[in-house]
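# Notes for the structure review
Below are the chains, spelled out letter by letter.
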Amino acid sequence: MFIDEAKIRVKAGDGGNGCMAFRREKFVPRGGPSGGDGGHGGDVLMSASLSHNTLVHFRFNPEHKAQRGGHGLGSNCSGQAGEPTTLNVPVGTLLYDDATGELIHDFTRVGDTIVIARGGRGGRGNQHFATSTHQAPREHELGRAGEERTYRLELRLLADAGLVGYPNVGKSTLISRLSAARPKIANYAFTTLEPNLGVVQVGEFPHTESFTVADLPGLIEGAHLGHGLGIQFLRHIERTSVIVHLVDVSDSSGAAGGNERPDPVADFKVITAELKSFDPALAAKPTILVAAKADVASPAKLKKLAAFAKRRKLQFFPISAVTGEGIEPLKYAIAALVTAHRPAPVDLEPESPVKPKPAYPPPAPRARGRAR
């Protein structure tokens, strides 16, 4: 099950209460207040991991809590700190504050970890309130509550190239020829109900390059209004560098499976308008125009689409995913365009690892006295 949206509620651990205790025993002539501090509550962390590729594990388990801190004990013993809880998400997940809609973090790298809910501070025991004039304090602090937040998670696949086009245009067959992906392939519309991701390699070992391709469910006119499967999956190509636009040029009067749309240029314009309605930046991405099903192509359609690509100065490739015609030139053209437009890696200083809170609260700002 491919789930790319989820809402979660997280609760960090509460801090433990400080203890009120007094110590006076043999060989301890200067005993006194000995209440220990409460332990800190555990934090809730979120980390990007390769062990997940959807958010389905949050759909049916939306609430997550960290362990609370232990209460302070006598003999100046502090309570145990609560264990943190780490939530793993796929790489490419965006974390939003559900109340404000603010983007909190974008998990684009494996191992990227942040704290999404801070644990409560443990309360101070009565040992911290002893002074020269107040030698038997009975004051102690309660632990503070941990943060409680509600977040919205949104997954966007990290792909270099995205395949778009009308339903049943041959996108699933193409990605199965380009990569090792094995999506569902059938001769009816809306065969693809969820995005598929494939890795493509070009060149000969050891001089090989690779890029990722995302195959999206088909779009139709009015998708931005919710027609068909809508445009809910287009977020998965927002990060792509290249758009590969497939147009069916098969002869409608030919073999079974021919399309019923007589104008391939109109098909291209309709899908481009749907992309623009979702995000104008998508329509501005570098685009490769592909004439699919060239083995049963209508010569008039193919000629018209080729002339349109030439006017628009678009790279144009007639292919047949069934026979393999044009697959290799298309593969190398996508690789070259991806290399030219792939975002340059940003050299970031390594982030300091998230450290759990210490088991003991920091000393009180005021001077600590001792009963005499």
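Residue indices follow the written sequence of each chain, beginning from 1 at its first position. Two thresholds apply to this predicted model, a pLDDT of at least 70 for residue-level local features and 80 or more for giving and counting side-chain atom pairs, whereas whole-chain, interface and lining totals are computed over all residues. Neither water nor hydrogens contribute to the side-chain values; these are computed over all heavy atoms in the structure.

## What to know about the overall build of the protein
- Put simply, DSSP H or I for four residues or longer makes a helix, DSSP E for two residues or longer makes a strand, and each gets a number counted from the N terminus. Regarding its fold elements, the protein presents six helices and 16 strands.
- Across the protein, every contact between residues at least 6 apart in sequence was considered, and the portion connecting residues at least 24 apart equals 75%.
- Note on areas: these come from Shrake-Rupley sampling with a 1.4 Å probe, and a residue is covered only by the protein chains present in the view. Carbon and sulfur atoms form 53% of the exposed surface of the protein, whose accessible area is close to 19000 Å². Between two residues, a contact is recorded if the distance between any of their heavy atoms is within 4.5 Å.

## Description of the packing of aromatic side chains
- For this analysis, a ring pair means two rings from Phe, Tyr or Trp (six-membered ring only for Trp) whose centres lie within 6.5 Å, classed as stacked if their planes differ by under 30 degrees, edge-to-face if by over 60, and tilted for the remaining angles. For the structure on display, the rule yields one aromatic pair.
- Taking the centre distance of 5.3 Å and the plane angle of 65° together, the rings of Phe-268 and Phe-308 count as edge-to-face. Residue Phe-268 is found in helix α3 (residues 264–278), and its partner Phe-308 is found in helix α5 (residues 299–312); the two are separated by 40 residues along the sequence.

## As for the sheet that holds strand β11 (residues 161–165)
- With mixed pairing, the six strands of this open sheet are ordered in space as β12-β13-β11-β14-β15-β16. Looking at the sheet topology across the chains shown, the edges are occupied by β12 (196–202) and β16 (315–318). Across the sheet, the mean angle from the axis of one strand to that of its neighbour is 25°, orientation sign disregarded.
- Lying over the sheet, helix α2 (residues 171–178) contacts β11, β12, β13 (209–215) and β14 (242–248), oriented at roughly 150° with respect to β11. Strands pair, by our definition, only if DSSP identifies at least two bridges between them. An axis is simply a line fitted to the C-alpha atoms; with a helix, the fit covers only the stretch in contact. Between two such axes, the angle follows the N-to-C directions and lies from 0 to 180 degrees.

## Overview of the nonpolar core
- Ranked by internal contacts, the top residues of the largest apolar core, which has 25 residues, are Leu-174, Phe-211, Val-244, Leu-246, Ile-288, Leu-330 and Ile-334.
- Of all the secondary structure elements, the ones that give two or more residues to this core are β11, α2, β12, β13, β14, β15 (287–292) and α6 (327–341).
- Per-element accounting of this core gives the leading share, seven residues, to α6.
- In contact with Leu-246, not counting residues within four places along its chain, are Leu-163, Val-164, Gly-165, Tyr-166, Val-169, Gly-170, Lys-171, Leu-174, Val-290 and Ala-292. Side-chain atoms within 4.5 Å are what join buried Ala, Val, Leu, Ile, Met, Phe, Trp, Tyr and Cys residues into a set we call a nonpolar core. Exposure classes here rest on a 1.4 Å probe applied to the protein chains alone. A residue is buried below 20% of its type maximum, exposed above 50%, and partly exposed in between.

## Focus on the pattern of salt bridges
- By definition here, a salt bridge exists when the distance from a side-chain nitrogen of Lys or Arg to a carboxyl oxygen of Asp or Glu is within 4 Å. Within the structure shown, the criterion is met by twelve salt bridges.
- Linking Glu-63 and Arg-9 is a salt bridge whose minimum nitrogen-to-oxygen distance equals 2.6 Å. Taken together, the positions of Glu-63 in strand β5 (residues 63–65) and Arg-9 in strand β1 (residues 5–11) put the pair 54 residues apart, joining distant regions of the chain.
- By relative accessible area, which is 45% here, Glu-63 ends up partly exposed.
- The network of salt bridges with shared partners includes Arg-121, Arg-124 and Glu-141.

## Quick word on the confidence of the model for the protein
- Per residue, pLDDT measures the predictor's confidence, with a range of 0 to 100. In the predicted model, the protein carries a mean pLDDT of 81, and the fraction of residues at 70 or more is 80%.
- Between residues 253–257, whose pLDDT stays under 50, and residues either more than four places distant or in other chains, the model counts two contacts.
- Low pLDDT (under 50) marks residues 367–372, which in the prediction has 13 contacts with non-local residues, meaning those over four places away or in another chain.

## Re the environment of Lys-11
- In this structure, Lys-11 sits in strand β1.
- For the pair Lys-11 and Glu-147, spaced 136 residues apart in sequence, the C-alpha separation works out to 5.9 Å.

## Some details on the packing of α3 against α5
- As a packed pair, α3 and α5 sit with axes 8 Å apart at the nearest point and diverge in direction by 50°. Judged on the interaxial angle alone, α5 and α3 are oblique. Judged by residue contacts, Pro-264, Val-265, Phe-268 and Lys-269 of α3 engage Lys-301, Lys-304, Leu-305, Phe-308 and Arg-312 from α5.
- Residues belonging to the contact of α3 with α5 are distributed by class as follows: five nonpolar, no polar and four charged. For classification purposes, an angle smaller than 35 degrees is called roughly parallel, one larger than 145 roughly antiparallel, one from 65 to 115 roughly perpendicular, and anything else oblique. Note that Gly is not counted as nonpolar here; it falls among the polar residues with everything else outside the nonpolar set of Ala, Val, Leu, Ile, Met, Phe, Trp, Tyr, Cys and Pro and the charged set of Asp, Glu, Lys and Arg.

## A closer look at the environment of Pro-329
- One can find Pro-329 in helix α6.
- Distance from Pro-329 to Pro-318, taken between C-alpha atoms, is 9.9 Å for residues eleven residues apart in sequence.

## Topic: the sheet that holds strand β6 (residues 85–90)
- In space, the three strands of this open sheet follow the order β6-β4-β9, with mixed pairing throughout. The open sheet terminates on both sides in strands that have one partner only, identified here as β6 and β9 (113–117). Sheet twist, expressed as the average angle between the axes of neighbouring strands with direction ignored, equals 30°.
- Bridge analysis of strand β4 (residues 44–49) against β9 gives four bridges, and the strand direction is antiparallel. Pairing of Leu-45 across the sheet is with Val-115, part of β9.

## Let's talk about unusual backbone geometry
- Despite not being glycine, Lys-293 has its phi angle at roughly 60°, a positive value.
- Within the fold, Lys-293 resides in the loop between β15 and α5.
- Although it is not a glycine, Lys-313 sits at a positive phi angle of roughly 60°.
- With relative accessibility at 77%, the residue Lys-313 sits in the exposed group.

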